[in-house]
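Residue-level listing of the chains:
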Amino acid sequence: MSASTRRKWLMTAGLVWLLAGAFAAGGRQRGDQDGRIGQDPVTNASDKAKRGRQTFRFDTFGDEAFWGGSLKLHQAIEGARLGGVGAGVSPATALAVGLKIDVDALPDDLREQLARGAVNLTDPAVTLALLKLNAVIGVTGVFNAGGSLQSMGIQCALCHSTVDDSAPTLCFGAIVPNPGTGCVGHRQDGWANRDLNVGAIVALAPDLSAFASLLGTDQNTVRNVLRSWGPGKFDAELILDGKTANPQRVTDGVVTGTNVPSATLIPPAFGLGGVNLHTWTGWGSVPHWNAFVATLEMHGVGRFFDPRLNDAAQFPIAAAHGFGDLPHISPDDDRVTGKLSDLQFYQLAIPSPRPARGSFDAAAAARGDELFSGKARCNACHVEPLWTEPGWNLHTPDEVCIDGFQANRAPDRRYRTSPIGALFTHKKGGFYHDGRFPTLEAVVNHYDACKSLGLAPGEKSDLVQYLLSLTF
């Protein structure tokens, strides 16, 4: 290298170092200002999970304007004696419709009184006291200065959280809860609340004209539809297509029910890491469905875009009301979009529950493991350890030998291969999207017939034990 070339190289290198130093200094300065640039990824992940947990548990996204302002559901909770309407919702009634109480939100003296049965569970005033403590999971009460209930809102946790079974007697005979859960206990985020009777709760609202107008019917009809859902079920598509019942449920070529209510079982919100499509019929990814539910179902204040809802033949109500492209509001007013990232991150971070010791036969499960990937061919779709296909995890109704009613209410007209980890957390209500199979034995029998597997009774039993052992 000549002397002149060396000098040019050194000058260029020096300039690069100066520029690099300037950018680095600028980066550090910006990092100091906003507290994020250059942050350790693990610390950042922890912060995101904490923010997402707060959103999942407590954020209403501004939906009080609907549940309180439009439906006036808070008045039904209060009851006429306390300034509302009707008999009011006592703790006993709340527990009976599957609402859960977070024991960690209660002061020590109230916990002690509950444990010895010294709390009046028939008094709606006690429900209001629990709301003031923020102890009713998934429900927020808005109180005025005088202490009366002014409005109310709901959170993600209403359907996708429950409490543990550490105090089984605190159900007070109001309900037999989903196995592994209770009525008053420690939060279990991500668990499907299969005790929650969403329809019965909404049917209590004094004013259902918003739904009646949308569906083109009267309020009594709306109440009857809501009450038909039953515990652990919700119909997200009702406000899109107006369908209230499956006219003919078919399984393995046999009609197994007619005019079956169209609501589907509430699924768990854990075990979704690496899973492409969310919901029974694969509407979209986790953040897609979070945005859908927060705006269209919870009635929070935010943006949502899905032009598939403009199909007037498939989604007549959604198309008529512009649900495929909600009003373009100011970002300052949007209470949903900015929280989707943290909310998704928290859901993906929720650890999967582990089956209790002794809850399955380990030797039988080991044999079932071999069958799962062998003769029974389960692993062809429920790929270990995602327990669904990596990729586009959808199948036609014919592939799984059932009718297409619910599939046809979604854009791709298919059913998702549901991740089957931690099945033991949601036994109540049955299996498949509509609970048509009451037990895992019934599920195995269905696939044995559908796929002509030729499984012996002992092999079916071993498969069930293996299914009970699965987690994520």
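For the structure itself, consult the block above.
Now for a look at the structure at hand. (Residues numbered from 1 in each chain as written. Predicted model: local features only at pLDDT ≥ 70, side-chain atom pairs only at ≥ 80, totals over all residues. Heavy atoms only, no water.)

1. Digging into the overall build of the chain
1) Next: The number of helices and strands found in the chain is 18 helices and twelve strands.
2) Next: Along the first, second and third principal axes, the C-alpha set of the chain runs to 95 × 70 × 50 Å.
3) Next: Here the chain, with 472 residues, has 51% of them falling under the buried criterion.
4) Next: For the chain, contacts bridging at least 24 residues in sequence account for 68% of all contacts bridging at least 6. (Helix = DSSP H or I, 4+ residues; strand = E, 2+ residues; numbered from the N terminus. Buried < 20%, exposed > 50% of the residue type's maximum accessible area, 1.4 Å probe, protein only. Contact = heavy atoms within 4.5 Å.)

2. A short note on the pairing of strand β2 (residues 139-143)
1) Next: As defined by bridge partners, β2 adjoins strand β3 (residues 149-154) across five bridges and the pair is classed as antiparallel. Within β3, the position partnered with phenylalanine 143 by the bridge is leucine 149.
2) Next: The hairpin formed by β2 and β3 contains five residues between the paired strands, and glycine 147 there has a positive phi angle of roughly 95°. (Pairing = 2+ DSSP bridges.)

3. What to know about the packing of helix α16 (residues 362-373) against helix α18 (residues 457-469)
A pair of packed helices is characterised by two quantities: the angle between their axes and the separation of those axes.
1) Next: Between α16 and α18, the shortest axis-to-axis distance is 7 Å and the interhelical angle comes to 100°. As summarised for this structure, α16 and α18 are arranged roughly perpendicular, according to the angle between their axes. Where α16 abuts α18, its residues Ala364, Ala365, Arg367, Gly368, Asp369, Leu371 and Phe372 lie against Glu459, Asp462, Leu463, Gln465, Tyr466, Leu467 and Ser469. (Axes fitted to C-alpha atoms, helices over the stretch in contact; angles between N-to-C directions. Parallel < 35°, antiparallel > 145°, perpendicular 65-115°, else oblique.)

4. A word on the state of the cysteines
1) Next: Taken as a whole and judged by the stated rule, the model has two disulfides.
2) Next: With a sulfur-sulfur separation of 2.2 Å, cysteine 171 is cross-linked through a disulfide to cysteine 183. On the sign convention where negative means left-handed, the S-S torsion of about 95° between cysteine 171 and cysteine 183 marks this disulfide as right-handed. Of this pair, cysteine 171 sits in the loop between β4 (161-163) and β5 (184-185) while cysteine 183 sits in the loop between β4 and β5, and the two are twelve residues apart along the sequence.
3) Next: Residue cysteine 183 is classed as buried on the basis of its relative accessible area of 0%. (Disulfide = S-S within 2.5 Å.)

5. With respect to the side chain of threonine 55
1) Next: Locating threonine 55 in the fold gives a position in helix α2 (residues 41-58).
2) Next: If we skip the residues at most four places from it in the chain, threonine 55 touches Phe61, Lys339 and Leu343.

6. Overview of the packing of aromatic side chains
1) Next: Applying the stated criterion to the full structure yields 14 aromatic pairs.
2) Next: Aromatic pair tryptophan 229 and phenylalanine 234: ring centres 5.5 Å apart, planes at 85°, arrangement edge-to-face.
3) Next: Tryptophan 229 gets classed as buried once you look at its relative accessible area, which sits at 7%.
4) Next: With a centroid separation of 5.5 Å and an interplanar angle of 45°, the aromatic rings of tryptophan 283 and phenylalanine 315 are classed as tilted. (Phe/Tyr/Trp six-rings, centres within 6.5 Å; stacked < 30°, edge-to-face > 60°.)

7. Digging into the nonpolar core
1) Next: Within the largest apolar cluster, 86 residues are counted, with the highest numbers of intra-cluster contacts made by Leu99, Leu240 and Leu309.
2) Next: When residues in this core are grouped by element, the largest group, five residues, is from helix α13 (residues 286-297).
3) Next: Ranked by size, the runner-up nonpolar core spans 26 residues in total, among them Phe437, Leu440, Val443 and Tyr466. (Core = buried A, V, L, I, M, F, W, Y, C linked by side-chain atoms within 4.5 Å.)

8. Examining the packing of α2 against helix α15 (residues 340-349)
1) Next: Viewed as axis vectors pointing N to C, α2 and α15 meet at an angle of 95°, and their least axial separation amounts to 7 Å. What the angle tells us is that α2 and α15 run roughly perpendicular. Two secondary-structure elements touch here, α2 through Ala45, Lys48, Ala49, Arg51, Gly52, Arg53, Thr55, Phe56 and Arg57 and α15 through Ser341, Asp342, Leu343, Phe345, Tyr346 and Gln347.
2) Next: Each residue belonging to the contact of α2 with α15 can be placed in one class, and the counts come to six nonpolar, four polar and five charged. (Nonpolar A, V, L, I, M, F, W, Y, C, P; charged D, E, K, R; others polar.)

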